[in-house]
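# What the coordinates show
Spelled out, the chains give:
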Amino acid sequence: MNGPYDLHCHSIASDGTLAPAALVRAAHEAGIGVLALTDHDTTDGIAEASAAAQAVGLLLVPGAEISVTWQAQTVHILGLGIDTGNAALQDGLAGLRAFRDWRAEEIGRRLARAGIGGAWAGARALAQGRIVSRTHFAQYLVGQGHAASVREVFRRFLVCNKPGYVSGRWAELEDAVGWIRAAGGLAVIAHPARYPLTASKLRRLIGEFRELGGVGLEVVSGSHTRDNIDTMAALCRNERLLASCGSDYHGPDNCWIRLGELAALPAGCTPVWQSERWPLH
Ligand code: AMP
Ligand code: MN
Ligand code: MN
Ligand code: MN
């Protein structure tokens, strides 16, 4: 099956606002032919998304976006084409979700100390028994009138040095790449231009990532500027990585990222789906 490709998006299984089936239908309507569902630290939406994809004739790539701590920095690693039944992968993701649960409670405690009560319960109610992310806290705080937008909540409460920020350790890079490989998937560094890393540190991350068996860089992302795309395309070619593209779509209420509007991969990049390692030929 052919593209267009969108290899990064979220459903209500993590912090997106569409159910997996609704997301697949929206992607199909936007003209996407191959969609990867990559929820944060869970594959719970994949079964529903796959069934919906089959119904509309879209190819669903089973994926996940794994939270990693690398040199004190949170980095997101996409696993594309993973076998969701793999025990090593699922054990790893379960460990991350346990950390998430603890962190959510701690975020709630810290916000309470800052004078905002009920945030843990509020975020959990929005997550409806699924993973609790900072996005749910942000939505709850907006609903309670503490800020005008999700972005503002992040800026004022949820990032480093702000009252609701909780540091902690996500997966090791080695483990995340290992789980993805064990599950037969390709590991891709998500939105590489979004990390506060110097160019040399980003190259060090890429070097370690490649040593561990990582293969791709998300060159085109909904959160990348034209400059970011060109920079990452050059890095991709120089570092001999495969190029991926994904919107990082979280739902229709985020109006600056829409489905089906991704820029093309720059010339000279080898797309992940053209690699002989692509698990879905
Ligand atoms: P978590 O994995 O729970 O720490 O939440 C990270 C998620 O929060 C990301 O995947 C984004 O969807 C969202 N996010 C992170 N930073 C911001 C921001 N500044 N504004 C809005 N959403 C953000
Ligand atoms: Mn997210
Ligand atoms: Mn991410
Ligand atoms: Mn994402």
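To be clear, the structure that these remarks concern was listed above.
Now for a quick tour of the structure. (Residues numbered from 1 in each chain as written. Chains lettered and ligands numbered in written order. Predicted model: local features only at pLDDT ≥ 70, side-chain atom pairs only at ≥ 80, totals over all residues. Heavy atoms only, no water.)

### Comments concerning the coordination of the manganese ion (ligand 2)
Only Asp15 (OD), His40 (NE2) and His250 (NE2) from the protein coordinate the manganese ion (ligand 2), and they sit 2.1 to 2.2 Å from it. In the primary sequence, the donor residues of the manganese ion (ligand 2) line up as D-x24-H-x209-H. (Donors = N, O, S within 2.8 Å, 3.2 Å for Na, K, Ca; no water.)

### Observations concerning helix H9 (residues 226–238)
In a regular helix each residue adds 1.5 Å, so 13 residues correspond to 18 Å; H9 covers 19 Å between its end C-alpha atoms and thus fits that length. Within H9, burial applies to Asn228, Ile229, Met232, Ala233, Leu235 and Cys236. The buried side chains of H9 occupy one side of the element, clustering within an arc of 165° when seen end-on. Turned more than 90 degrees off the buried face of H9, the exposed positions are Asp227 and Asn238. Buried residues in H9 make contact with helix H8 (199–211), strand E6 (216–221) and strand E7 (242–246). (Helix = DSSP H or I, 4+ residues; strand = E, 2+ residues; numbered from the N terminus. Expected span 1.5 Å × (residues − 1). Buried < 20%, exposed > 50% of the residue type's maximum accessible area, 1.4 Å probe, protein only. Arc of directions from axis to C-beta. Contact = heavy atoms within 4.5 Å.)

### Structural notes on the pattern of salt bridges
For the coordinates displayed, the defined rule picks out nine salt bridges. Ionic pairing is found between Arg109 and Glu106, a salt bridge with its closest N-O pair at 2.8 Å. You can see Arg109 and its partner Glu106 sitting in helix H3 (residues 87–113), three residues apart, about one turn around the helix. We note a salt bridge from Glu261 to Arg258, for which the minimum N-O separation is 3.2 Å. (Salt bridge = Lys/Arg side-chain N within 4 Å of Asp/Glu carboxyl O.)

Read these as geometric descriptors, not functional statements.
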